[in-house]
There are 2 protein chains.
Amino acid sequence: MSLTNGRKSILDVFLSSKTALTHQDIESKCSNQFDRVTIYRTLQTFIDKGLIHTIPSTDSNIRYALCNEACLGSGHHHDNHVHFKCERCGDTICLDEVTVPVVKLPSGYSLREINMVVSGTCRSCKK
Amino acid sequence: MSLTNGRKSILDVFLSSKTALTHQDIESKCSNQFDRVTIYRTLQTFIDKGLIHTIPSTDSNIRYALCNEACLGSGHHHDNHVHFKCERCGDTICLDEVTVPVVKLPSGYSLREINMVVSGTCRSCKK
DNA sequence: TCAAATATGCAACTTTGTTGCAAAATACTT
DNA sequence: AAGTATTTTGCAACAAAGTTGCATATTTGA
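Residues numbered from 1 in each chain as written. Chains lettered and ligands numbered in written order. Predicted model: local features only at pLDDT ≥ 70, side-chain atom pairs only at ≥ 80, totals over all residues. Heavy atoms only, no water.

Trainee: Describe in detail the protein's contact with DNA strand D, supporting the description with residues and values.
Mentor: Lining the immediate environment of DNA strand D, one finds 18 residues, of which Thr4(A), Arg7(A), Thr38(A), Arg41(A) and Arg36(B) sit closest. Between DNA strand D and Thr4(A) there is a distance of 2.8 Å, counted from a phosphate oxygen to a side-chain nitrogen or oxygen. With respect to DNA strand D, the side chain of Tyr40(B) contributes an N or O atom lying 3.0 Å from a phosphate oxygen. Among the elements of the structure, α3 (36–48) of chain A together with α3 (36–48) of chain B are those that each provide at least two residues to the surface near DNA strand D. Its residues assigned to classes, the surface near DNA strand D comprises 5 nonpolar, 8 polar and 5 charged. (Near = heavy atom within 4 Å. Polar contact = N/O pair within 3.5 Å; in protein donor to acceptor, adjacent residues only side chain to side chain. Helix = DSSP H or I, 4+ residues; strand = E, 2+ residues; numbered from the N terminus. Nonpolar A, V, L, I, M, F, W, Y, C, P; charged D, E, K, R; others polar.)

Trainee: For α3(B), give the residues involved together with the corresponding values.
Mentor: Residues and elements named next belong to chain B. The end-to-end C-alpha separation of α3 is 19 Å, in line with the 18 Å expected for 13 residues at 1.5 Å each. Looking at the packing, one finds that the buried side of α3 touches α1 (5–15), α2 (23–29), β2 (52–55) and β3 (63–66). The distance from a side-chain oxygen at the start of α3 to the backbone nitrogen of Val37 is 2.9 Å, and the residue carrying that oxygen is Asp35. (Expected span 1.5 Å × (residues − 1). Contact = heavy atoms within 4.5 Å.)

Trainee: How would you explain the pattern of salt bridges if you had to name every residue and give the values?
Mentor: Under the criterion given, the structure shown has 6 salt bridges over all chains. Here Lys85(A) makes a salt bridge to Asp59(A), at a shortest N to O gap of 3.2 Å. With Lys85(A) in strand β4 (residues 81–86) and Asp59(A) in the loop between β2 (52–55) and β3 (63–66), the pair connects residues that are 26 residues apart, well separated along the chain. Of the residues examined, Asp59(A) reaches a relative accessible area of 31% and is grouped as partly exposed. A salt bridge links Glu87(B) to Arg112(A), with the nearest nitrogen and oxygen atoms 2.7 Å apart. One end of the pair, Glu87(B), is in the loop between β4 (81–86) and β5 (92–99); the other, Arg112(A), is in strand β6 (residues 110–121), on a second chain. (Salt bridge = Lys/Arg side-chain N within 4 Å of Asp/Glu carboxyl O. Buried < 20%, exposed > 50% of the residue type's maximum accessible area, 1.4 Å probe, protein only.)

Trainee: Please set out the pairing of β6(A) residue by residue, giving values where relevant.
Mentor: Summarising the sheet, β4(A) and β6(A) pair through 4 bridges and their orientation is parallel. Note on β6(A): the bridge partner recorded for Lys85(A) is Ser119(A). Alignment of β6(A) against strand β6 (residues 110–121) of chain B, held across 11 bridges, turns out to be antiparallel. Within β6(B), the residue paired with Gly120(A) across the bridge is Leu111(B). (Pairing = 2+ DSSP bridges.)

This is the structure we're talking about:
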């Protein structure tokens with residue numbers, strides 16, 4: 001994977017952000033220095049390489065966040081932490097210390113990945 | 001809430017579908033009889049009235065499904081079942097019989113809703 | 001049946017995401 | 001370090017998704 005300015009900047013943006021980011025967030029945090037298309041492609045590349053993961057949402061605003069060690073470890077990629085979306089400030093964060101509980105599916109179903117998004121009020125907003 | 005043809009048809013589409021539906025699905029199942037805008041507005045109305053709920057996803061394809069009794073009961077709306085997305089056929093369904101397990105959040109966070117989406121292979125695809 | 005309230009369709013628009021292609025940047029070879 | 005092959009980028013053009021205002025049509029309720 002080539003190390004380009006765009007990729008370095010986008011990675012920096014992730015490294016310096018405590019919250020998960022939308023495409024739009026990234027675009028503006030890069031001061032619109034890069035083409036939209038480049039950002040789309042870079043995000044896809046980062047996902048393919050296992051650097052970031054996507055966080056599902058109901059507002060058609062997919063968010064991306066850096067993967068941590070647990071995420072990358074043990075052969076194949078596996079996101080096993082809970083995501084939290086604050087309804088007040090709108091921020092989404094990875095709760096790395098909260099593990100997704102196992103669920104038992106009805107017979108006949110096979111499980112590959114579990115995604116859990118909790119919404120409520122975050123620490124800073126609750127104060 | 002007025003009982004209009006559009007609303008009746010869209011409700012029928014949901015009643016006769018075993019899977020969750022995207023906006024697009026609904027549009028074509030109604031044989032494009034209704035304007036896109038009408039469908040957007042009807043879906044929003046159904047959500048507001050607690051008739052349907054949204055299922056988060058990472059593919060910017062929000063899906064909608066009917067709420068069941070559990071979903072509607074006890075004062076305020078609360079979706080507490082697991083959603084399953086089959087990676088082979090692409091269908092998303094509500095696993096009404098699988099309850100979302102409780103998670104303990106770090107102190108300072110308050111929880112309002114949990115959304116769990118499991119992906120893997122469904123019963124019919126596994127056969 | 002009629003008036004008030006509500007819902008619909010249309011047009012126009014914004015935002016989001018995709019694709020092909022030429023130019024630019026990066027990596028690789030010697 | 002130079003030159004070539006490979007990869008990445010930006011641009012243009014497009015497709016799809018979602019929103020808003022407004023006039024018309026449909027429902028509701030008196």
